[in-house]
Structures are given as C-alpha cells and as structure tokens.
Amino acid sequence: MAKLICLPCLDSQERGAHCHEVLRRQVTSALAVRLGRSAVLASESGVYLDTEGREAQWKTAVDLACARKISLPPEAVLSSRLILNPGGRNMEILSQSPQEPSCVLQGTTIRGRFEGLLGEVRIEQTFANQEDKNIEAVFTFPVPAGAVLLGVEIQIDDRLLQGQVRPKREAENAYEDAIVDGDTAILVQTSGRGLFTVNVGNLRPGQTARLAYRYALLATWNHDWMRLLFPTTLAERYGNPIAAGLEPHQVPLIAREANHRCSLDLELGGALREAAVDSPSHTLRVTAEGDLQRVRLADHLTAMDRDLVLSLQVSPSFRASSGLYAPDGEGWIALASFQPTPPDFTDPGGRDYLLIADRSGSMEGDSIAQTREALLTILDRLNPTDRFNLICFGSEACALFRDLQPVRPDTLALARTQIIWFEADLGGTEVGNALRLAYRQRQHQPLDILLVSDGQIWDEEDAVIEEARRSGNRVFMVGVGLAMVEELARGLAEATGAASVLVHPNETMADSIVRHFERTRYPRLEVSLTWPSTPAWQLPAEIDTVFPGDTFHLFARLLPERPQGPVTLQLRSGSGEHATHILYLEPWPVAETNDTLPRLAAARRLATLSEEDAIQLALDAQLVTHHTAFLMVDRRAGAVAEALPPIRIVAHQKAAQRAGADGGRVVGTIPFFCRRRSGDKGGALYVEIVDDDGDTDTPDDDTVFHSSTQFISRDYTRSYYSDLYSGVEQDYLPIPRFLKHVLTVRSF
C-alpha cells in the first residue's frame, strides 16, 4: 500500500496545520494512487506522467533545470537523489531504481599517527568505474575543523601519479581541457569550511583510482581530555549552498539508500602511548604495539552515517606544554602549545547571559534531548546576581522575556517549564536571526551567549561569525548531534574570544556543560609572551582569552638563528594575581617532513594577507585554498573523447539521527505549491510516497502529515528559472515544473 508522508517543513506550526487540512481535503485516494503509479514508472523507465497522463522525459527536465555539472546522460533513469536549492531548503527527488549505476565509491580508510598534540592523517578513497563507458566521479567530503591538506597521492590501477597545486581558474581550465581531450584528470578543491570536492574525470570502464589525502591536524587538551573527531558524512543543512560559494556539482547529495563503509587505523605515540582511549560513537579495539598504541574499529568496517569520535585521557605529567621548531627558508617556524593554569580569581557574579536553543527540524531526536538537558543544567548554575533570558529559534527567533531578567525562583521556573517542552518543531536554522535578537538584549555590559545547536547551515556561516566578532559579545557554543558542523562552533569561539564544546549523544551532557559554563565565569586576562628572539610575526597576533585547562597554540617566525632559550607566557588578572609558564622549543623530529610546520603556519597566515599575497603563499606552500586547487592530468597516447563523460555524484549516507519515514521504500517525492497570504513569497510542501508493502496502487487510509513548507524568494526563483517559465505566470511557479509530477498547481 502506498503511503503519503509530508516531509518536515521550515515554517510556523499555524501554517503547518493549515496545510495539513488543505491536503487532507484535496489529496484523494485516486490521486494518491496516480502519484504512486507515476513514481514507480519513473523508477523503472526514467519518465513521469504529467497531469494529463503524458510522459515527461526525466533527461529533458533535468537538463533544463540543472547546471551542466549535474546533468544526466540520455540513457540514465531517475537519479537516486537530485537536489536543487533555490534559496531555501533542499528540493529533492528520491527513488531506488534497480537500473542505477553501481556505487562509484568503493571504500574509505582513515589512517593516522598522533605524537602528542600534532597528528598527520590520511583519508584513502577508492573509486571504481563498473560501467561500460567513461565517467566523471564527483564527491564532496568533510575533514576535521582546522585540518590542513598537505598532499594528494594518486594511484590509477598500478601506476602512481603526481599533481600540483595551481591557481584555481588555471587548474579548472586545464581539467576541463583534459576531459575534452579524453585524458584522465583529478581536481581537488576546497568547497567550504572543512569541505573538499574531488572530481575524477574520464575514469575508464573497469578502471580503479585510489586517492590518499594527507593532512595535518593540531589537537587540544581540555583539562585531562583530548577529543579527536573524524567526520564521515554530511548532514542536510539549512540554507543555500550556491550562495555559500559552492558550484552546483559540489553540492553534497545525501541519500537514504547510500551504504558506504570506512575503516580506522590510528597510531598514538609519545605522550599518547599511555592514554586511555574510548569512543562515544563506535566500539574500538585498542592494542599496545611497541612504543605506540594502535586504535582500530572493533568491527573493522562501520557505516559512514555519523562522526567518528575518540576521547583520550592522560595524567597531568603527560600534558605538559610543548614547543617545536623547523627550518623555513632563512628563518625558523616555531609552534608553542600552552595548557596554562591561570591565576586564581573571585567571581563577583552579576553577569548577563543569553541562552539560545536551536529547535529546527535537524535537531530532532537525540539533539533536542541534549539541548533540554544542557539548558536545564545551565539554569542550575546561574548566580542570584546574574541576569538571563532564553531564546529559541527555527525559521524565526523568539525570546521568553522582553528583556534580561534577574535570576529569581519565578523566572527560573518559567524558563524550566518552557525548556521541558522543547521539541524540534520550528523549521529552519536561522541562527543569525537568533544571535541578532540576543545582541539587542545587551544593556550595560557585554553578553555571555550560550548557543546550543547542531550548526547545520550553509550560506550564513561566514556572515554569522563576522557579525559575532563585531558585536563585542562572547558566543560559547555547545555542538550537539551525530554530525555536528564543528567549523561553526570553532569559528564563533575564535571570533569572540570564547570557547566551544561538542557533546556526543552518548556522552554525559551535564558534566560537559558544567565545565563549559565555568569558562564563562573566567575573566579576561592581561597576556604577554616572550620568544627566544623577536619574531617577524606571531599568530594569533594577540591573545584575547585564556581558559583554565584549555590548550592554545601560537605560531611565530624567528630570524635568523636557530631558536635557543625559553618561550615565556605571563598571565595577570585585573585584581593583580599573576601566573608564569615556561616551555622550551624542540627541533622537528622527522627530517623528511620538515615542511609540515611551515605549511601549518602558512595556512594560519592566509587570512591576514591580501588576496594576491595569499595566492602566492598558497602556491609556494602547495596549499589548496579558495584561490588554488590541486590538479593531476594523466595524458595517455591515443586518448580520444567521443563524448563528455556522464557525471556520477557520490551521495553521502544519511546521518543516523536524520532518518526519514520509518519503514517502507521511498518511491517518489511530490512538492505541493503554496504561498503566504501576504503574497511576497512562495514555496513547496514535499510529500514522500512510501511503498511499505509493495502495493503502490492502494493508498493507506491513514495518510501521515508532518510539518509545513519552506518558502523561497520569488525574485530568486524568477531569475534562476526564467528560461523554464516562458509565457507562464511565475508567481505560481516557484519550483521547476517537472518537479510537480502529476499534481496541478494549487493556491492555498
């Protein structure tokens, strides 16, 4: 029997209720049967039936609606997932066609070694072409926050190939020329904070390409704990990835039917040889091998549907501050890593707190439960002399009180009552609106803002971080969920002199949030640093905040002699208490990788330089940035391109806590058009057709409806799809007409 299920929306509850009623009246059993039949037909033959029963070619519709990078070949059937995102929530079509090409991504392995705080990690991906023609495989994948890509190793069949970093436009043009000429080419570009996209072009039938991305990562201690996070998938994000700077082919796809697996092989040496290793996300197998510990997954392979999180704990004697230096031209790059114990202080209280809760649809499940626990714990930690307010947000933001309120039994009771009933039912993730509402609450002193969210946003990320920087308030973020966007949490903390913490659903929220909340009590300190010689530059140039037990890293370029002598850190509080910490720099231990430290420092410097200087530094250090890209071209004698290879976009496995309908096979997705009463925006309500017993001709009596709709700007739609809507009233067509399938346009 076929079941219609409305996808989660990004609008108000009132609007959702209205749409539910309209659909219950207008979606008849006969229409449901037609919808189900059309979706099955599409999955089998690649066509849909329009409202008059005529066949609409999938290929034609996709070619008209999509950019060249995501068009499908003429013989292709319905894609496993197509995403268009004209200014709002992703529009998607799902099916599970038995005629789809075999999976292009055959395997992923995460390898690495950490010696203390500095680690080098390899992500190995294997792509295989099991079709009878050349293809172009495209995959957008995440890396840990702060990771610096050091190199790409390529093996095609049994041949090892080399590439280099070139200016972005030059690399793109050379890649396109190679594809046209029939040569195999590989292009690696950054596609956002913590995101890379790889294009493997002209992969021949039966051919296998193995790519290994080598990157460096600086870890930190939080008291006696170190957290290592390796993202394996991308959760669906709110917003417009195109506006965030992604090209259409770089927009990551997420498919329920994707079934990727990865393995882990991590070596822990030096001080980490004695670490206690655990994971809230996966079951591990940890063995001692000589002078290191080896960490693997207990089951060898695991589904790539959640972050892989490791927790390491050592005694204080193994967590001492440390320093390294390595040659860099005529000078030296130094790295000083401090985990200071700041001077004691007395907290006078009287702080102003804004607690912000993300109640968007992506927070459903463990994430919203974590949010409730975190906020209730924070309320218990407020002092009687503090003031506070509570903000929750989805598509819109609202505050519990008109302005900051004193901490009293009645205000706390009201806040607790609201938090207990929090659900992930407010639609989109307009985190910028929530923070701006918080900034307007500021009165006589800067605010300490505690934001609890999964950070799943696209185009607002950079703007949100920059606005937070200018606000003069501190934003302490608590990241929750199984696929949290760590870059947003870290960016807000670094921009505002605050800190961030990520809490996995299997970790104890109360313990983590208490430690995190105590950071907000710590005052700003006067910080001074002395190097063995006067540095040409230091990053960060100024140290705004130091938190007890937290590691912070500083880079410097020292001239001209080899560094000798201590690095001295002095901390002084406003009341006169002070503390001094000293460390000595040690030479980089492995001569073959002497360039790692200078390249890490170069990556940190890029943001401080002009565009021209940043491009030159990236080329000198062979770094992939927004202005550069890695390119490899394998020119083969006699290569001839008969036609451009079809694109095969590798979809991500759906994040574990973002599951859709329970049970059944999704055989189609149908958008219902609706618009606001004000008429300024329009949008679509997406309805999944789920076949839960193989009989799509008979609909269930119990039609399930969830939420409402995401509205998208008509202005954006008009410019984006102008060539599709010739002669048609565009106010009533905010989505491509081929996505309407068999449903006539309706106005609610």
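Scroll up a little and you will see the structure.
Residues numbered from 1 in each chain as written. Predicted model: local features only at pLDDT ≥ 70, side-chain atom pairs only at ≥ 80, totals over all residues. Heavy atoms only, no water.

1. With respect to the sheet that holds strand E24 (residues 322–328)
Next up, step 1: A sheet is described by the order of its strands in space; here 7 strands give the open sequence E33-E36-E37-E24-E25-E35-E34, paired in mixed fashion. Looking at which strands have only one partner, the edges of the open sheet turn out to be strand E33 (526–530) and strand E34 (535–539). Neighbour-to-neighbour, the strand axes of this sheet turn through a mean angle of 20°, independent of strand direction.
Next up, step 2: Relative to strand E37 (residues 578–587), E24 is paired through 3 bridges, and the arrangement is parallel. Of the residues in E37, the one forming a bridge with Gly323 is Leu585.
Next up, step 3: Against the sheet, helix H11 (residues 596–605) engages E24, strand E25 (331–338), E34 and strand E35 (552–558), with an angle of about 95° to E24. (Pairing = 2+ DSSP bridges. Helix = DSSP H or I, 4+ residues; strand = E, 2+ residues; numbered from the N terminus. Axes fitted to C-alpha atoms, helices over the stretch in contact; angles between N-to-C directions. Contact = heavy atoms within 4.5 Å.)

2. Overview of empty space enclosed by the protein
Next up, step 1: Here the structure, examined in full by the defined rule, presents 9 cavities of 30 Å³ or more.
Next up, step 2: Put simply, the largest cavity is a space of about 170 Å³.
Next up, step 3: Taken together, 20 residues form the lining of the largest cavity, with Pro142, Arg237, Met484, Val485 and Glu486 sitting closest to its centre.
Next up, step 4: Here the residues of the lining of the largest cavity are counted per class, giving 12 nonpolar, 3 polar and 5 charged.
Next up, step 5: There is about 120 Å³ of room inside the second largest cavity.
Next up, step 6: Lining of the second largest cavity is provided by 13 residues; of these, Ile123, Pro142, Pro231, Thr232 and Met304 occupy positions nearest its centre.
Next up, step 7: Of all the secondary structure elements, the ones that give two or more residues to the lining of the second largest cavity are strand E6 (105–115), strand E7 (118–128) and strand E8 (135–142).
Next up, step 8: When the residues that make up the lining of the second largest cavity are grouped by side-chain class, the tally is 10 nonpolar, 3 polar and no charged. (1 Å grid on protein atoms, 1.4 Å probe; cavity = no way out; pocket = protein on both sides within 12 Å on 5 of 7 lines; lining within 4 Å. Points joined across faces, edges and corners; volume = space filled by probe spheres on them. Nonpolar A, V, L, I, M, F, W, Y, C, P; charged D, E, K, R; others polar.)

3. Digging into the environment of Val464
Next up, step 1: Secondary-structure assignment places Val464 in helix H8 (residues 461–471).
Next up, step 2: For the pair Val464 and Val431, spaced 33 residues apart in the sequence, the C-alpha separation amounts to 7.7 Å.

4. Things to note about helix H7 (residues 431–439)
Next up, step 1: Counting buried positions along H7 yields 7 of 9 residues, so the element is predominantly enclosed.
Next up, step 2: Close packing links the buried residues of H7 with strand E26 (352–358), strand E27 (387–393), strand E28 (397–399), strand E30 (448–453), H8 and strand E31 (474–480). (Buried < 20%, exposed > 50% of the residue type's maximum accessible area, 1.4 Å probe, protein only.)

5. Comments concerning the packing of aromatic side chains
Next up, step 1: What the rule picks out here adds up to 8 aromatic pairs.
Next up, step 2: Judged by centre distance (4.8 Å) and plane angle (40°), the ring pair of Phe141 and Tyr213 falls under tilted. Remark: Tyr213 occurs in strand E14 (residues 208–218) and Phe141 occurs in strand E8; sequence separation between them is 72 residues.
Next up, step 3: When its relative accessible area of 4% is taken as the criterion, Phe141 is described as buried.
Next up, step 4: Counting every residue linked through ring pairs, the aromatic cluster contains Phe139, Phe141, Phe196 and Tyr213. (Phe/Tyr/Trp six-rings, centres within 6.5 Å; stacked < 30°, edge-to-face > 60°.)

6. Some remarks on the environment of Gly119
Next up, step 1: In this structure, Gly119 sits in strand E7.
Next up, step 2: Counting along the chain gives 147 residues from Gly119 to Leu266, while the straight-line C-alpha distance between them is 10.0 Å.

7. Describing the pairing of E24
Next up, step 1: Bridge analysis of E24 against E25 gives 7 bridges, and the strand direction is antiparallel. For Gly323, the partnering residue across the bridge sits in E25 and is Ala336.
Next up, step 2: From the end of E24 to the start of E25, which pair antiparallel, there are 2 residues, and Gly329 there has a positive phi angle of about 65°.

8. Notes on the pattern of salt bridges
Next up, step 1: According to the stated counting rule, one finds 37 salt bridges in the structure shown.
Next up, step 2: For Glu461, the salt bridge goes to Arg193, with nearest N and O atoms at 3.8 Å. One end of the pair, Glu461, is in helix H8; the other, Arg193, is in the loop between strand E12 (184–192) and strand E13 (195–203), and 268 residues separate them in sequence.
Next up, step 3: Classification of Glu461 as buried rests on a relative accessible area of 5%.
Next up, step 4: In this structure Arg193 comes out as partly exposed when scored by relative accessible area, which is 34%.
Next up, step 5: Here the salt bridges share partners, and the residues they tie into one network are Arg111, Arg113, Glu115, Arg122, Glu124, Glu153, Asp265, Glu267, Glu289, Arg294 and Arg296. (Salt bridge = Lys/Arg side-chain N within 4 Å of Asp/Glu carboxyl O.)

Shape descriptors only; they carry no functional weight alone.
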